[in-house]
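# Structure assessment
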Amino acid sequence: MPNQLQRLLAGALAAMTMVPAAAAASQFRGMNWAVLGDNFSTGPLVLHGLSQSDSNATGRAKANALYDDMAAIGVNTVRLPINTHTVGTTWRNAYRGAIDAATARGFKVILAYWEDGAASGGRITNLAAWNTMWSNVTYTYGADTNVYFEPMNEPHGYTSAEWRTVAANWMSYHYSAVPARTLIGGTGYSQDLRDVCNDSRFSGTLLSFHHYAFFYSPMTYDAFRGHVQTRLGTCASRAVVTEYGVPMSTGLDDADANSTDNFVRHIRAVTQVMRDNRMGGVYWPALGGKPTGTSGFDHYSMFSLTGSGTALDLTVRNASGRDRIRYGWGL
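Residues numbered from 1 in each chain as written. Predicted model: local features only at pLDDT ≥ 70, side-chain atom pairs only at ≥ 80, totals over all residues. Heavy atoms only, no water.

The name given to the protein chain in an unreviewed UniProt entry is Glycoside hydrolase family 5 domain-containing protein, with the source organism recorded as Catenuloplanes indicus. The protein chain has a UniProt comment under Sequence similarities (unreviewed entry) that states "Belongs to the glycosyl hydrolase 5 (cellulase A) family." (UniProt positions renumbered as here; feature names shortened; annotations may be inferred.)

## What to know about the sheet that holds strand E1 (residues 29-36)
Spatially, the eight strands line up as an open sheet ordered E6-E3-E2-E1-E10-E9-E8-E7, and their pairing is parallel. Because the sheet does not close on itself, it has two edges, and the strands there are strand E6 (147-150) and strand E7 (183-185). Strand-to-strand twist in this sheet, taken as the mean axis angle between neighbours without regard to direction, amounts to 30 degrees. (Pairing = 2+ DSSP bridges. Helix = DSSP H or I, 4+ residues; strand = E, 2+ residues; numbered from the N terminus. Axes fitted to C-alpha atoms, helices over the stretch in contact; angles between N-to-C directions.)

## Some points on the state of the cysteines
For the structure shown, the criterion picks out one disulfide. Here Cys197 is linked by a disulfide to Cys235, with a sulfur-sulfur distance of 1.9 Å. Its torsion about the S-S bond being 80 degrees, the disulfide of Cys197 and Cys235 is classed as right-handed. Note that Cys197 is positioned in helix H8 (residues 194-197) and Cys235 in the loop between helix H9 (221-232) and strand E9 (239-243), a separation of 38 residues in sequence. A relative accessible area of 5% means that Cys235 is categorised as buried. (Disulfide = S-S within 2.5 Å. Buried < 20%, exposed > 50% of the residue type's maximum accessible area, 1.4 Å probe, protein only.)

## So, the pattern of salt bridges
Under the defined criterion, the tally for this structure stands at 13 salt bridges. Arg79 is the salt-bridge partner of Glu243, the closest N and O atoms lying 3.0 Å from each other. Taken together, the residues Glu243 in strand E9 and Arg79 in strand E2 (residues 77-82) connect sequence positions 164 residues apart. Taken as a pair, Glu243 and Arg79 share a single burial class, namely buried. Across the pair Arg123 and Glu162 runs a salt bridge, and its minimum N-O distance is 3.1 Å. Of this pair, Arg123 sits in strand E5 (residues 123-124) while Glu162 sits in helix H6 (residues 160-173), and the two are 39 residues apart along the sequence. Here Arg123 falls in the partly exposed class, since its relative accessible area comes to 33%. Residue classification places Glu162 among the partly exposed residues on the basis of a relative accessible area of 34%. When salt bridges with common partners are traced through the structure, they connect Arg79, Glu150 and Glu243 into a single cluster. (Salt bridge = Lys/Arg side-chain N within 4 Å of Asp/Glu carboxyl O.)

## Structural notes on the packing of aromatic side chains
A full pass over the atoms with the stated rule returns 17 aromatic pairs. With centroids separated by 5.3 Å and ring planes inclined at 85 degrees, the aromatic side chains of Trp134 and Trp170 adopt a geometry described as edge-to-face. On the criterion of sequence distance, the pair formed by Trp134 in helix H5 (residues 127-141) and Trp170 in helix H6 is long-range, its members being 36 residues apart. A residue is classified by how much of its surface remains accessible, and Trp134, at 0% relative accessible area, is buried. Centroid distance Tyr212 to Phe215: 5.4 Å. Interplanar angle 90 degrees. Geometry classified as edge-to-face. The exposure class assigned to Phe215 is partly exposed, which follows from its relative accessible area of 22%. (Phe/Tyr/Trp six-rings, centres within 6.5 Å; stacked < 30°, edge-to-face > 60°.)

## Considerations on the nonpolar core
Of all hydrophobic cores here, the largest spans 84 residues; its most connected members are Met31, Trp33, Tyr67, Met70, Leu80 and Tyr113. Tallying contributions element by element places helix H4 (residues 91-104) first for this core, with seven residues. The residues contacting Tyr67, other than those within four sequence positions of it, are Trp33, Val78, Leu80, Ala98, Ala101, Ala102, Arg105 and Phe107. Residues Phe28, Ile110, Leu206 and Val240 belong to the second largest nonpolar core, which totals eight residues. (Core = buried A, V, L, I, M, F, W, Y, C linked by side-chain atoms within 4.5 Å. Contact = heavy atoms within 4.5 Å.)

Take a look at the structure:
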């Protein structure tokens, strides 16, 4: 347990970094940068474009090349996965190059935990390993006001009450992760914020929300819009949509307000709710993710990746999708 001096220092840090959560949420204009394959891994998380042989300097240089192209469309935030097989390992040094390159340019970084064997079926199964990982991360980045912490991605194995207890205990244990820079996921696959929103233990935090068309049966645009708003409860103003996405490589016209395509209706609805409520949003993904069929890439990915070494480039797959995301960001 922390001693009294540590608690006082943590309180002072919280006071210095506390920004009203509602004001902070709209500042996230982000993309997820993922592993090509799956972030749910029992090994080190090597992001698409990086190599496990990279040094810290190489990882930083590669990341900066990619961040340049992300920034060109308005990105100021990246959400990056962590797990117990990455933090505390040799690979972490190179991975930190990607994190530190983002914060050095003023990007916000959301570090989110993905299941890795220390969690299974949407539940933490090895609390000691999970807490050791998070203690390492929060010790390293607790004072960095550009770094945000998401205790668990999609905690779907818990009941609402169970998850809220796990999350509240995490906050008490990792006291250097100040509430204003903590994102608590909604229940299920982070699909519903209402119970978390109404829990006073999280009144000073941001909230992490996911919404995909494939979670639900097809809907009209108006039905999607109402569904998203309902699941946000009364906490839209401090919520960040940390995952949402549609195919970007199939020629969809996301600018078509009269489209009958379910994906188009979905992304237009989600981004409209974001804009209406001045919410932050982090698209899934910029690059990486599960390859679709034999394509070699996730067809939800916003960018195609070209180049080699540290000379990497990103190209937008769908201009109408890019523009709709920017619309949701308020740009």
